[in-house]
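The lines below spell out each chain.
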Amino acid sequence: MVVDRFFSWVAEASVDQKLRAVDALVAALGDGRVGDDEREAIEAALMLVADDPDLSVRRRLAAALAELDDAPRHLLLTLLDDHPSVAVAVAARSRSLIDAELVDVVAHGADEIRRAVAGRRRVGPTVATALAEAGDRLACVTLLDNPGADTPPLALERIVERFGEFADVRRALLARPHVPITVRHRVLEKLAEAMENLVVVKSW
């Protein structure tokens, strides 16, 4: 009944009213004193908000839920599958997502979302490997610059093979601590190849 009333209200509410409602609902969801029935009603109301036609409302919901440690997973996954401007907040900050979900986002998401994942406070080795394989150059540089990223040698080698001819990638790799000597050697090889190509082009 509560959800029915909310559905009627949200259909007529202004964008500002819906933004305030999002803040209030998410704050209530994060209140540990909320009972199971109340929580279920709040989640149902937020699912309605997640389908709102206004992007700013969905972005507000994504940003608010991304800060909750125990945000409902079905809501987070719905928002991750939304427009990139909505999904990036969840991809970048939500601590409720597991690595398998992040790997799936990297495999199928837009470049903006991959870059958001690469900049997370913690990036596990499986996620880093997925980014090395599917991320664009900026996502890979973001990953290399991230001190919270656990980048296994396989991921580093893949980044070198894909983007080693670019100076920003080489700088990020050489500046990163604990990079295996074999990877550093490959970076220098890529630098030599780039210099050789430059000489050939200028000679021509």
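Just so you know, these numbers come straight off a predicted model, no measurement behind them.

**Notes on the overall build of the protein chain**
Logical step 1: From N to C terminus, the protein chain includes 13 helices and 0 strands.
Logical step 2: Its helices and strands taken in sequence order, the protein chain reads α-α-α-α-α-α-α-α-α-α-α-α-α from the N to the C terminus.
Logical step 3: Its C-alpha atoms give the protein chain a radius of gyration of 22 Å, clearly above 17 Å, the size a compact globule of 204 residues would have.
Logical step 4: Along the longest, intermediate and shortest principal axes, the C-alpha atoms of the protein chain span 75 × 35 × 20 Å.
Logical step 5: By residue count, 41% of the 204 residues in the protein chain fall in the buried class.
Logical step 6: Looking at the protein chain alone, contacts between residues at least 24 apart form 59% of all its contacts between residues at least 6 apart.

**Overview of the packing of helix H3 (residues 36-50) against helix H4 (residues 55-65)**
Working note: a packed helix pair is described by the angle between its axes plus the distance between those axes.
Logical step 1: Two numbers describe how H3 lies on H4: the axes approach to 9 Å, and their chain directions differ by 135 degrees. Between H3 and H4, the interaxial angle falls into the category oblique. Contacts between H3 and H4 pair Leu46, Val49 and Ala50 from the former with Val57, Arg58 and Leu61 from the latter.
Logical step 2: Counted by class, the contact of H3 with H4 contains 5 nonpolar, no polar and 1 charged residues.

**Here's the deal with the nonpolar core**
Logical step 1: Leu61, Leu65 and Leu173 are the most contacted members of the largest nonpolar core, which totals 58 residues.
Logical step 2: When sequence neighbours within four positions are dropped, the list of residues in contact with leucine 173 reads Leu144, Leu156, Ile159, Val160, Val179, Val183, Arg184 and Val187.

**Quick notes on helix H2 (residues 15-29)**
Logical step 1: Here H2 is 15 residues long and its end C-alpha atoms lie 21 Å apart, about the 21 Å a rise of 1.5 Å per residue gives.
Logical step 2: What H2 keeps buried is the set Lys18, Leu19, Ala21, Val22, Leu25, Val26 and Leu29. Down the axis of H2, the smallest arc covering the buried residues is 160 degrees, so these residues share one side. Residues of H2 that are exposed and point more than 90 degrees away from the buried face comprise Arg20, Ala24 and Ala27.

**Side note on a negative patch on the surface**
Logical step 1: A grouping of Asp36, Asp37, Glu38 and Glu40 is seen on the molecular surface, where their side chains present a negatively charged patch.
Logical step 2: For glutamate 38, the location among the structural elements is in helix H3.

**So, the pattern of salt bridges**
Logical step 1: Evaluated as defined, the whole model comprises 14 salt bridges.
Logical step 2: Residue aspartate 69 pairs with arginine 95 through a salt bridge whose shortest N-O separation is 2.6 Å. One end of the pair, aspartate 69, is in the loop between H4 and helix H5 (73-80); the other, arginine 95, is in the loop between helix H6 (84-93) and helix H7 (99-108), with 26 residues separating them in the sequence.
Logical step 3: Under the relative-accessibility criterion, aspartate 69 is labelled exposed at 53%.
Logical step 4: If you follow the salt bridges from partner to partner, you end up with Glu161, Arg186 and Glu189 in one network.

**Here's the deal with the packing of aromatic side chains**
Logical step 1: Going through the model one piece at a time under the given rule, you end up with 1 aromatic pair.
Logical step 2: With centroids separated by 6.4 Å and ring planes inclined at 50 degrees, the aromatic side chains of phenylalanine 163 and phenylalanine 166 adopt a geometry described as tilted.

**As for a nonpolar patch on the surface**
Logical step 1: A cluster of nonpolar side chains, contributed by Leu174, Leu188, Leu191 and Met195, occupies part of the molecular surface with about 350 Å² of accessible area.
Logical step 2: A per-element tally of the nonpolar patch places helix H13 (residues 181-203) first, with 3 residues.
Logical step 3: In this structure, methionine 195 sits in helix H13.

Rules used in this analysis
Residues numbered from 1 in each chain as written. Predicted model: local features only at pLDDT ≥ 70, side-chain atom pairs only at ≥ 80, totals over all residues. Heavy atoms only, no water. Helix = DSSP H or I, 4+ residues; strand = E, 2+ residues; numbered from the N terminus. Rg over C-alpha atoms; globule rule 2.2 N^0.38 Å. Buried < 20%, exposed > 50% of the residue type's maximum accessible area, 1.4 Å probe, protein only. Contact = heavy atoms within 4.5 Å. Axes fitted to C-alpha atoms, helices over the stretch in contact; angles between N-to-C directions. Parallel < 35°, antiparallel > 145°, perpendicular 65-115°, else oblique. Nonpolar A, V, L, I, M, F, W, Y, C, P; charged D, E, K, R; others polar. Core = buried A, V, L, I, M, F, W, Y, C linked by side-chain atoms within 4.5 Å. Expected span 1.5 Å × (residues − 1). Arc of directions from axis to C-beta. Patch = residues over 30% accessible without salt bridge, like charges linked within 9 Å, V, L, I, M, F, W, Y side chains within 5 Å. Areas by Shrake-Rupley, 256 points an atom, 1.4 Å probe, with all protein chains shown as cover. Salt bridge = Lys/Arg side-chain N within 4 Å of Asp/Glu carboxyl O. Lys, Arg positive; Asp, Glu negative; His and termini not counted. Charge placed at Lys NZ, Arg CZ, Asp CG, Glu CD. Phe/Tyr/Trp six-rings, centres within 6.5 Å; stacked < 30°, edge-to-face > 60°.

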